[in-house]
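Residues per chain are reported as follows:
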Amino acid sequence: MEAIKSNIAIIGGGLTGLTLAYLLRDTGLKVVVIEARERFGGRIHTLRKKGLPPQEMGATWLGKKHEALLSLLHELEVEIFEQIFGERAIYEPISTSPPQLVQLPPNDDPSFRIKGGTGTLIDALLERIDKAALYSQQKVESIIKSNKKLILKTNEVRFNADLVVSTLPPNLFFTSIKTDPALPNELNGLMSQTHTWMGESIKVALVFESPFWRSEKLSGTIFSSVGPIPEMYDHTNFEDDQFALVGFLNGSYFSLSKEERLQMILRQLRKYYGNKIDGFIAYEEAVWRNEPLTFSSYSSHVLPHQNNGHMVFQQPYLNGQLFIAGAETAPQHPGYMEGAVRSALHVAAKIKSLLAGV
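Everything in this summary refers to the structure shown in the same document. Since this is a predicted model, take the numbers as computed values, not measurements.

In terms of regular secondary structure, the protein chain is built from 7 helices and 20 strands. With respect to the three principal axes, the spread of C-alpha positions in the protein chain is 70 × 45 × 35 Å. Across the 358 residues of the protein chain, 53% fall into the buried class. Taken as a whole, the protein chain presents about 16,100 Å² of accessible surface, with 51% of it coming from carbon and sulfur. Looking at charge distribution, the protein chain has the averaged site of its 36 positive side-chain charges lying 5 Å from that of its 38 negative ones.

This paragraph deals with the sheet that holds strand E7 (residues 88-92). Pairing within the open sheet is mixed, and its 7 strands lie in the order E8-E7-E16-E17-E18-E15-E19. On the outer flanks of this sheet lie strand E8 (100-103) and strand E19 (282-287), each paired with one strand and no other. Strand after strand, the sheet turns through a mean of 20 degrees between neighbouring axes, direction not considered. Contacts between helix H6 (residues 258-273) and the sheet are confined to E7, strand E15 (202-208), strand E16 (222-224), strand E17 (231-234), strand E18 (243-249) and E19, with E19 contributing the most and set at about 120 degrees to the helix.

In this section: unusual backbone geometry. Along the chain, Asp180 connects to Pro181 via a cis peptide bond; the corresponding omega equals 5 degrees. Inspection of the secondary structure puts Pro181 in the loop between strand E14 (178-180) and helix H5 (185-192). Although it is not a glycine, Met198 sits at a positive phi angle of roughly 70 degrees. If you trace the backbone, Met198 turns up in the loop between H5 and E15. Under the relative-accessibility criterion, Met198 is labelled buried at 13%.

Before going further, it helps to spend a moment on the pairing of strand E2 (residues 31-34). By the alternation rule, side chains of E2 split into Val31 and Val33 and Val32 and Ile34, which are all buried. Pairing analysis gives 4 bridges linking strand E1 (residues 2-11) to E2, with the strands arranged parallel. By the bridge assignment, Ile10 is partnered in E2 with Val33. One ladder, built from 2 bridges, connects E2 with strand E10 (residues 134-135); its direction is parallel. Within the sheet, the bridge partner assigned to Val33 lies in E10 and is Leu134.

With that settled, consider the environment of Gln193. By secondary structure assignment, the location of Gln193 is in the loop between H5 and E15. Taking the C-alpha atoms as reference points, Gln193 and Ser6, separated by 187 residues in sequence, lie 31 Å from one another. Sequence-distant contacts of Gln193, that is, excluding residues within four places in its chain, are made with Ser299, Ser300, His301, Val302, Gln306 and Asn307.

Taking 1.5 Å of rise per residue, the 16 residues of H6 would be expected to cover 22 Å, and the 22 Å separating its terminal C-alpha atoms lies within 8% of that figure. Of all the positions in H6, only Arg261, Leu262, Met264, Ile265, Leu266, Gln268, Leu269, Tyr272 and Tyr273 are classed as buried. Those residues of H6 that are buried lie in contact with E7, E15, E16, E17, E18 and E19. Looking one or two places after H6, you find Gly274, whose phi comes out positive at around 65 degrees.

A few words now on the sheet that holds strand E9 (residues 111-114). Spatially, E5-E9-E6 is the arrangement adopted by the 3 strands of the open sheet, whose pairing is antiparallel. Two strands bound the open sheet, and with one partner strand each, they are strand E5 (62-63) and strand E6 (80-82). In this structure, E6 lies alongside E9, joined through 3 bridges in antiparallel fashion. Counted as the bridge partner of Phe81 is Arg113 from E9.

A separate point is helix H3 (residues 119-127). Regarding H3, the residues found buried are Gly119, Leu121, Ile122, Ala124, Leu125 and Leu126. Structurally, H3 contributes buried residues whose contacts are with helix H1 (15-23), strand E3 (46-47), helix H2 (67-75), E9 and E10.

What counts and what doesn't
- Every chain begins its residue count from 1, and numbering advances along the sequence as written.
- Predicted model: local features are reported for residues with pLDDT of at least 70 only, side-chain atom pairs are reported and counted for 80 or more only, and whole-chain, interface and lining totals are derived from all residues.
- Hydrogen atoms and water are omitted, and side-chain values are computed over all heavy atoms in the structure.
- Under the scheme used here, helices are H or I runs from DSSP no shorter than 4 residues and strands are E runs no shorter than 2 residues, and both carry numbers assigned from the N terminus.
- Categorising residues by exposure relies on relative accessible area from a 1.4 Å probe, with only protein chains included: less than 20% of the type maximum marks a residue as buried, more than 50% marks it as exposed, and the intermediate range marks it as partly exposed.
- Per-residue and other accessible areas follow the Shrake-Rupley method at a 1.4 Å probe size, with only the shown protein chains counted as cover for residues.
- In summary, the charge assignment counts Lys and Arg as positive and Asp and Glu as negative, without counting His or the chain termini.
- Where a charge lies is defined by one atom per residue type: Lys uses NZ, Arg uses CZ, Asp uses CG and Glu uses CD.
- For two strands to pair, DSSP has to find at least two bridges joining them.
- Only the stretch in contact is used when fitting a helix axis, every axis being a line fitted to C-alpha atoms; angles between N-to-C directions are given from 0 to 180 degrees.
- The contact rule is simple, with two residues in contact once any of their heavy atoms fall within 4.5 Å.
- The span one expects for a helix is its residue count, reduced by one, times 1.5 Å.

As structure tokens, this is what we get:
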């Protein structure tokens, strides 16, 4: 088995992992990023197909309060633009009454999207990280402490590192990676009961030739208590020349086929848009519960946001050599892209303090 030596091994090539590698780029440390998927980005997953707008199957929106993320975007020269909500929304409160077109209040806290898709942020980070440091299609199966090193074994490579940072959802780490010696019971118990952000989400996208929903008596903003789509938004690109609607499907439909989910969506949207909805030119979806490299079933019931940002995640383990990072571990804005960036900043500061002997 091939052996690769490094100072720091980062498990997971999503936003936290890549941001951390970027933050450590000038430290003189040898840093490797180990990603199980063929692609990098994790729960940032922008579909880019010729002739179609970027379609977000994962993380999408940010706000003015997401200061760490905004600072990173500015530093990487990645542009953002405001999400279109319009002045009205389609609102469906109950199944026994027709949907209504309601006036939206003035929005003092707008949401923003990333120009070119959220994947543009991942691309910008990858451009600034040494390509030799990136390992894809390498699923970490175990972490073993041996003398002063931690040994990570994947499906085909062994990594020897001084420090290891896991950026996986904590429950995924708990269910998929064996450690020797075992981690503390308190940490294992918390990881197994930590909600995986987006784990139950189903993102759906419909692409159209024109934004027919922008007429006076329609809207691209949908809120429904009836479903199966509880919310949907105008997902037109920055240039305003490629048009789509993107929303969430009720997560309980994860076991249906893609075609079955599409037909359910079309039935709902016909109530608002009539036969215009059947003119879609592409349909895409991401069922995150069916992504084994993101979601792992819990051993018992877990509530949304449960244990996200818990203080137990803020300290290192295995004699100070293993850090538990990632969006779910951030005390502020856990689960969001902001939380992912803050987690990377937190661990980078800890590592730099170790280097400085503080």
